[in-house]
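Understanding the architecture of this molecule
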Amino acid sequence: METVTRRGFLVAAGSGAVLGAVPKKDADDKLTDGGIADVTPPGAVARETRVVPPGAGGHRNFSTRCVGCQLCVDACPNNVLRPSKDPRHLFQPEMGFEHGYCRPECAKCGEVCPAGAIRRVTPAEKKTIHVGQAVWHSDRCIAAEEGVNCSACEAHCPVRAIVRVPMNEKDEKSPKIPVVDKELCIGCGACEHLCPARPLPAMTVEGLERHREVRPMSEADVLAEAARLIREGRAGAVLVKDGVIVAVEPNGPGVKPLLRLHDLRADVLKGAWVVDKVVGRAAAAIALDGGAARVHGLLMSEAAKALLGEHGVPASADETVPQILNRNRDGLCPLEDAVKGQDVPAKMVKAIRSRIKKLMSK
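Rules used in this analysis
- Residues numbered from 1 in each chain as written.
- Predicted model: local features only at pLDDT ≥ 70, side-chain atom pairs only at ≥ 80, totals over all residues.
- Heavy atoms only, no water.
- Helix = DSSP H or I, 4+ residues; strand = E, 2+ residues; numbered from the N terminus.
- Buried < 20%, exposed > 50% of the residue type's maximum accessible area, 1.4 Å probe, protein only.
- Contact = heavy atoms within 4.5 Å.
- Axes fitted to C-alpha atoms, helices over the stretch in contact; angles between N-to-C directions.
- Parallel < 35°, antiparallel > 145°, perpendicular 65-115°, else oblique.
- Left-handed = near helix turned anticlockwise from the far one by under 90°.
- Expected span 1.5 Å × (residues − 1).
- Arc of directions from axis to C-beta.
- Pairing = 2+ DSSP bridges.

Some thoughts on the overall build of the protein
Across its full length, the protein holds 15 helices and 13 strands. Residues counted as buried form 45% of the 362 residues belonging to the protein. Sequence separation of 24 or more characterises 54% of the internal contacts of the protein that already satisfy a separation of 6 or more.

See below:
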């Protein structure tokens, strides 16, 4: 097999042999808000330092090895990679976040790179690789400029590197603005992509010339971090996979956060560890039906632990109680009552949905 070299590839590109392989993005593409209103994507950010993929190691390795074959661009399911127009690294891919962000669970680019410019990394490794640094622009932020209660960047940051603090600590009604923890931020672009400010986002990512890698957290540390998010009210349920947090569902009543993960993030829930605030038999059934590999509850009933054990799923808890009671503490929680005497997860989830529907109708 003939070795692909950067020089050889660029010569071919100059003759027009490979330009047709470069996918063309329609600059006029628009998203729609439920089909009711056109919503333009965030504008392209002019970066002082480009962002290159996790696994590249940094600019020097990437520039030296990359032949601009566009295989990683074609393989990227999140529309993050595109050919650079900068003549200093023409055709070499770079990251942009107008159409998506670099999701922690994806490592496609490293799997297809034929030149060693992007090494293969696991999802666990990827979450410890810092390719860039998020920067907040106060003059674009709708919270700072208009006093709007916006939490998009904080809510969607997969590594919890963004927290909001009052703009004026002495004013209880002061709008909250984001603060970036530089030690946690990996430069994935979620905050930039999901920021609602227009024409340019208020959160942008500046690339790092040399990527920084941090040792992954231990299993105990990851579970502790997930539990902390729930205790602080920043999450209702959390999914952990390959030693990293891969999904955080906002706080909500009862089993609602876990049920939303079951319905909307089924691919992530399967094989994941579930960390939830209160785990009774109802929550255990949802986790089992979704294919969870382990369940941890800040509070867990002995009945739920037994159900999980019957299905071969390890369970742990900060605190255990015999049963999950209702608010008056004079009987079972309504959803626990709905699955009483049942042990087939799929049927239990069906009973849970039926009881929720009945409770909402009242």
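Comments concerning the packing of helix α12 (residues 281–289) against helix α13 (residues 302–310)
Contact geometry for α12 and α13: axes closest at 8 Å, N-to-C directions at 25°. The orientation of α12 relative to α13 falls into the category roughly parallel. As α12 runs across α13, the sense of the crossing is right-handed. Judged by residue contacts, Arg281, Ala284, Ala285 and Leu288 of α12 engage Ala303, Ala304, Leu307 and Leu308 from α13.

Re helix α15 (residues 345–361)
When the terminal C-alpha atoms of α15 are compared, their 24 Å separation across 17 residues agrees well with the 24 Å that a helix rising 1.5 Å per residue should span. Within the sequence span of α15, burial applies to Pro345, Met348, Val349, Ala351 and Ile352. Down the axis of α15, the sector holding all buried residues measures 160°, keeping them to one side. Turned more than 90 degrees away from the buried face of α15 sit Lys347, Lys350, Lys357, Lys358 and Ser361, all of them exposed.

A look at unusual backbone geometry
Across the junction of Arg198 and Pro199, the peptide omega takes the value 10°, indicating a cis bond. Note on placement: Pro199 falls in the loop between α8 (190–194) and β8 (203–213). In this structure, Asn79 takes a positive phi of about 55° despite not being glycine. Among the secondary structure elements, Asn79 is positioned in the loop between α3 (71–75) and β3 (81–83). With a phi close to 75°, Phe91 is a non-glycine residue in the positive phi region. For Phe91, the position within the fold is in the loop between β3 and β4 (93–95). Judged by its relative accessible area of 17%, Phe91 is buried.

Some points on the environment of Val131
The residue Val131 is located in strand β5 (residues 129–136) in this model. Separated by 80 residues in the primary sequence, Val131 and Val51 place their C-alpha atoms 6.5 Å from one another. Val131 has contacts with Val51, Val52, Pro53, Pro54, Ile186, Gly187, Gly207, Leu208 and His211, leaving out every residue within four places of it along the chain.

What about the pairing of strand β9 (residues 237–241)?
Of all the five residues making up β9, four are buried; the element is thus mostly covered by neighbouring parts of the structure. Sheet topology places β9 next to strand β10 (residues 244–249); five bridges connect them, and they run antiparallel. The partner of Ala237 across the bridge, within β10, is Glu249. Here β9 folds back onto β10 in antiparallel fashion, the turn holding two residues, of which Asp242 has a positive phi close to 55°. With four bridges connecting them, β9 and strand β11 (residues 273–279) associate as antiparallel partners. Across the sheet, Val238 pairs through a bridge with Val275, a residue of β11.

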